Each structure stands twice: as structure tokens, then as C-alpha cells.
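Remarks on the overall topology
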Amino acid sequence: MERKVRMLVNQDLEKILKRFEALETNEIEKSFKGEKEEKMSVFFHLFSKEEFEEGQLGYREDEEGNSFVGNDEGDWKESWFVIGYDEDLGDPIFVDIHNKNYPVLIAEHGMGEWEPSVLYDSLEEFLKDIK
């Protein structure tokens, strides 16, 4: 049985996944200064095209293909697609394909509802910063 997510891989997602294929690695280290000016690092894993479908499990749908997408506040949105995760905390990194700049978002998992924070205003900004 073909999973529902396969049918959701559209032109927007193909474009995003092709950009990831051009990266030298899927393992990204991002350094920044913390609140007390100490250097901190965050490690991200970005999905390859082969990992993308499985990466949606637990966010867009369950193992049986039952959707978690909803329209209420705190629900996973139809236009959100997981592109990777924070390796330390396991929080999903995702894009919103409703916005053609493809903002890159992150949200804490295990909180009972999704409250995303913007990591980057656009996929272009994200890719430029991680190179």
C-alpha cells in the first residue's frame, strides 16, 4: 500500500529536497552566542529524499496513515512538512510551503500542541547560513 505522504510530495517539496541533495552533508552544525555570550552549537539532521516520507511520521500522520493534520490552534498544519530535526532534542525542523519563501520553523515535540518558532524567514536564508 502506498502511503498518503507520497502523494503529497509536490513541486514545492521536490524543489526543496533537490536543494538539500546539493549540500555536502545532511549533518549541520550551527554555532551562535548564547545569553551569556558563550559559544553554543546546535546540530541538525536534514532529510534526504529517501528519508523524507518516514520523517513525516508522528507529525503529519501515524504508522497506519491516519492524519494528525488539523485546523485548530496547536494542530499540525497541512502546509507544514518536516525537513529534519534537532539532533540533541529531537525537535522537528519544518517548512511552511503555504508561504513561497518557505520559512524554516522549529517546534518542541511532546508539548501536546505545536507552537512553532521561526528559525529563518526563508529557505534561501537557511541554506545560505548553513553552507
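The sections below set out a description of the structure shown in this document. Since the structure is predicted, the reported quantities are computational estimates derived from the model, not experimental observations.

**Some remarks on the overall build of the protein**
Summing up its helical and strand segments, the protein has four helices and six strands in all. Listing each helix as α and each strand as β along the protein from the N terminus yields α-α-β-β-α-β-β-β-β-α. Counting only residues that meet the buried cut, the protein has 40% of its 131 residues in that class. Contacts in the protein between residues far apart in sequence, at least 24 positions, make up 40% of those at least 6 positions apart. Carbon together with sulfur atoms contributes 46% to the accessible area of the protein, which is approximately 8300 Å² in total.

**Concerning the packing of aromatic side chains**
Within this structure, the stated rule accounts for nine aromatic pairs. Measuring from ring centre to ring centre gives 5.1 Å for Trp 76 and Trp 114, while their planes differ by 80°; the resulting arrangement is edge-to-face. Taken together, the positions of Trp 76 in the loop between α3 (49-55) and β3 (80-86) and Trp 114 in the loop between β5 (104-106) and β6 (117-120) put the pair 38 residues apart, joining distant regions of the chain. Across the pair, exposure class does not vary: Trp 76 and Trp 114 are buried alike. Among the aromatic residues, those joined into a cluster by ring pairs are Tyr 59, Trp 76, Trp 80, Phe 94 and Trp 114. Sitting above the plane of the Phe 81 ring, Arg 60 keeps its charged end 4.0 Å from the centroid.

About the cut-offs
Residues numbered from 1 in each chain as written. Predicted model: local features only at pLDDT ≥ 70, side-chain atom pairs only at ≥ 80, totals over all residues. Heavy atoms only, no water. Helix = DSSP H or I, 4+ residues; strand = E, 2+ residues; numbered from the N terminus. Buried < 20%, exposed > 50% of the residue type's maximum accessible area, 1.4 Å probe, protein only. Contact = heavy atoms within 4.5 Å. Areas by Shrake-Rupley, 256 points an atom, 1.4 Å probe, with all protein chains shown as cover. Phe/Tyr/Trp six-rings, centres within 6.5 Å; stacked < 30°, edge-to-face > 60°. Lys NZ or Arg CZ within 6 Å of the ring centre and 35° of its normal.

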